[in-house]
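As a plain string of letters, each chain reads:
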Amino acid sequence: MSANVDLRVDVGSLTLKNPILTASGTFGYGLEYDDFYDVAELGGICTKGLSLEPRHGNPPDRICETAAGMLNAIGLANVGVEAFCRDKLPILRQRGVTVVANVFATTVDDFVKLAQRVDQEEGVAAIELNVSCPNVDKGGLEFGCDAQAAARVTAACRAVTRLPLWVKMSPEAGDIRGVGLACQEAGADALTAINTIRGLAVDPRTWRARLANRTGGLSGPALKPLALRIVWDLARTVRIPIIGIGGVATAEDAVEFLLAGATAVQVGTANFADPMASKRALDGLADYCRERGMNARDLIGKMR
Ligand SMILES: Cc1cc2nc3c(=O)[nH]c(=O)nc-3n(C[C@H](O)[C@H](O)[C@H](O)COP(=O)(O)O)c2cc1C
């Protein structure tokens, strides 16, 4: 119940009804959770990463549990932007879901085409640029690891869309504050921090890597202290809002991110363990604020 508590937050020009969103790749296209609760109650959902063409992703095994989180090498499997716009978006729009379209590509041109395509559609609240996949333009490095490359993608997309642009930061970037600043100067409206960090798990019986891809992205509780530190660093560096992400599973986690300087958070891996995790975090945040006679905005950046 969120009566009497104002949970709204402003991510640049976009006002979210509350600061709890779901993370790209961990919540499908939103409709998969219909049997559990009305996802329109959330501050927003970030779609599975969309590419120009559909993708099958990597062969199995593509997911593996670790002591404090999960490794995944899904390989960005998705239905492609056309199928999303045709089959999924109209239903989400009709339900009043705040949709953030997460997109990825390996060239600046393809990022631009995706931004243009999504911009044509009604019912997309923002675009999130996943600059954390290896890119061909730059020879296999991530756009997100290099300030100039990240800024190039951001500026090129900025030029073709009026939608708010969120750029998703890679923890693999050596100078993440530099990358954040460069994206801000290139026209980003917000920074999402953070994406997964590469990890490895080995089976001591077979001596094989547990994932067919060998390495995968580490997510979940193991990421939280790192993500909190990066959110705090970025919040002191840039003027634009930060969306915190990495190990958020409960209302308390969300509060920690807001206090560290995030304006909103995304719940990722926790959705797999508990399909109600995001909704519980939302209800818990409302209780937290009500008990203290505060609104969600009052928490942002108040860490002492
Ligand atoms: C199975 C899986 C798939 C993911 N797919 C995407 C994706 O398509 N695009 C993206 O930007 N991030 C993707 N991510 C990263 C998450 O959005 C998030 O940044 C990361 O998992 C950290 O948050 P968490 O600890 O709450 O899971 C994926 C994560 C997981 C676990």
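Parameters and conventions
- Residues numbered from 1 in each chain as written.
- Predicted model: local features only at pLDDT ≥ 70, side-chain atom pairs only at ≥ 80, totals over all residues.
- Heavy atoms only, no water.
- Helix = DSSP H or I, 4+ residues; strand = E, 2+ residues; numbered from the N terminus.
- Buried < 20%, exposed > 50% of the residue type's maximum accessible area, 1.4 Å probe, protein only.
- Contact = heavy atoms within 4.5 Å.
- Salt bridge = Lys/Arg side-chain N within 4 Å of Asp/Glu carboxyl O.
- Axes fitted to C-alpha atoms, helices over the stretch in contact; angles between N-to-C directions.
- Parallel < 35°, antiparallel > 145°, perpendicular 65-115°, else oblique.
- Left-handed = near helix turned anticlockwise from the far one by under 90°.
- Nonpolar A, V, L, I, M, F, W, Y, C, P; charged D, E, K, R; others polar.
- Pairing = 2+ DSSP bridges.
- Near = heavy atom within 4 Å.
- Polar contact = N/O pair within 3.5 Å; in protein donor to acceptor, adjacent residues only side chain to side chain.
- Areas by Shrake-Rupley, 256 points an atom, 1.4 Å probe, with all protein chains shown as cover.
- Phe/Tyr/Trp six-rings, centres within 6.5 Å; stacked < 30°, edge-to-face > 60°.

Colleague: An account of the environment of Ala188 is needed here, citing residue identities and associated values.
Modeller: Summarising the element assignment, Ala188 is placed in the loop between α4 (176-185) and β10 (190-193). Here Ala188 falls in the buried class, since its relative accessible area comes to 5%. Along the primary structure Ala188 and Trp166 are separated by 22 residues, whereas in three dimensions their C-alpha atoms are 5.9 Å apart. Among residues more than four places away in sequence, those in contact with Ala188 are Thr154, Leu165, Val167, Cys183 and Ile240.

Colleague: Describe in detail the pattern of salt bridges, supporting the description with residues and values.
Modeller: Counted according to the given criterion, the structure contains 22 salt bridges. Between Arg95 and Asp34 there is a salt bridge; the shortest N-O distance is 2.4 Å. Taken as a pair, Arg95 in helix α1 (residues 81-95) and Asp34 in the loop between β3 (20-22) and β4 (44-46) lie far apart in primary sequence, 61 residues in all. Note on Arg95: relative accessible area 38%, which makes it partly exposed. Where Arg236 meets Asp233, a salt bridge forms, and the shortest distance between an N and an O atom there is 2.6 Å. Classification of Arg236 as partly exposed rests on a relative accessible area of 47%. Residue class for Asp233 comes out buried when judged on its relative accessible area of 10%.

Colleague: Can you explain the packing of helix α3 (residues 147-158) against α4? Please cite residues and give values.
Modeller: For the pair α3 and α4, interaxial distance at closest approach is 8 Å and the crossing angle is 25 degrees. By the angle between their directions, the pair α3 and α4 is classed as roughly parallel. Remark: the crossing between α3 and α4 carries right-handed chirality. Across the interface between the two elements, Ala147, Ala150, Ala151 and Thr154 from α3 touch Gly178, Val179, Ala182 and Cys183 from α4. Grouping the amino acids of the contact of α3 with α4 by side-chain chemistry returns six nonpolar, two polar and no charged.

Colleague: Quick rundown of the sheet that holds strand β11 (residues 197-200)? Include the residues and the values.
Modeller: Read from one edge to the other, the open sheet built from four strands follows the order β5-β6-β12-β11, with strand pairing classed as antiparallel. Across the chains shown, the open sheet's two edge strands, defined by having one partner strand only, are β5 (63-66) and β11. Along the sheet, successive strands turn relative to each other by an average axial angle of 40 degrees, direction set aside.

Colleague: Just give me the short version of the packing of α1 against helix α2 (residues 108-119), but keep the residues and values in it.
Modeller: Contact geometry for α1 and α2: axes closest at 10 Å, N-to-C directions at 15 degrees. Here α2 runs roughly parallel to α1, going by the angle between their axes. The handedness of the crossing between α1 and α2 is right-handed. Here α1 contributes Val81, Glu82 and Cys85 to the contact with α2, which in turn contributes Leu114, Arg117 and Val118. Per-class residue counts for the contact of α1 with α2 are four nonpolar, no polar and two charged.

Colleague: Can you tell me about the site of the ligand, naming the residues and giving the values?
Modeller: The environment of the ligand is formed by 24 residues, the closest being Ser24, Lys168, Gly220, Gly247 and Thr269. Separating an oxygen atom of the ligand from a backbone N or O atom of Gly247 is a distance of 2.7 Å. When the ligand is considered free in solution it has 600 Å² of accessible area, and contact with the protein chains removes 97% of it. Here the shell around the ligand is built from residues that sort into seven nonpolar, 15 polar and two charged.

Colleague: A description of the packing of aromatic side chains should follow, citing residues and the corresponding values.
Modeller: Counted under the stated rule, the structure contains four aromatic pairs. Note on Tyr33 and Phe36: the rings are 6.3 Å apart at their centroids and 45 degrees apart in plane angle, and the pair reads as tilted. On the accessibility criterion, Phe36 (44% relative accessible area) is partly exposed. Arranged with centres 5.8 Å apart and planes meeting at 80 degrees, the rings of Phe111 and Phe143 form a pair that is edge-to-face. Taken as a pair, Phe111 in helix α2 and Phe143 in the loop between β8 (126-130) and α3 lie far apart in primary sequence, 32 residues in all.

Colleague: Explain the environment of Ala209 residue by residue, including any values.
Modeller: Summarising the element assignment, Ala209 is placed in the loop between β11 and β12 (215-219). What makes Ala209 partly exposed here is its relative accessible area of 24%. In this structure the C-alpha to C-alpha distance between Ala209 and Pro225, which are 16 residues apart in sequence, comes to 26 Å. Setting aside residues up to four positions removed in sequence, Ala209 forms contacts with Leu200, Ala201, Val202 and Arg214.

Purely geometric stuff here, so don't read any function into it on its own.
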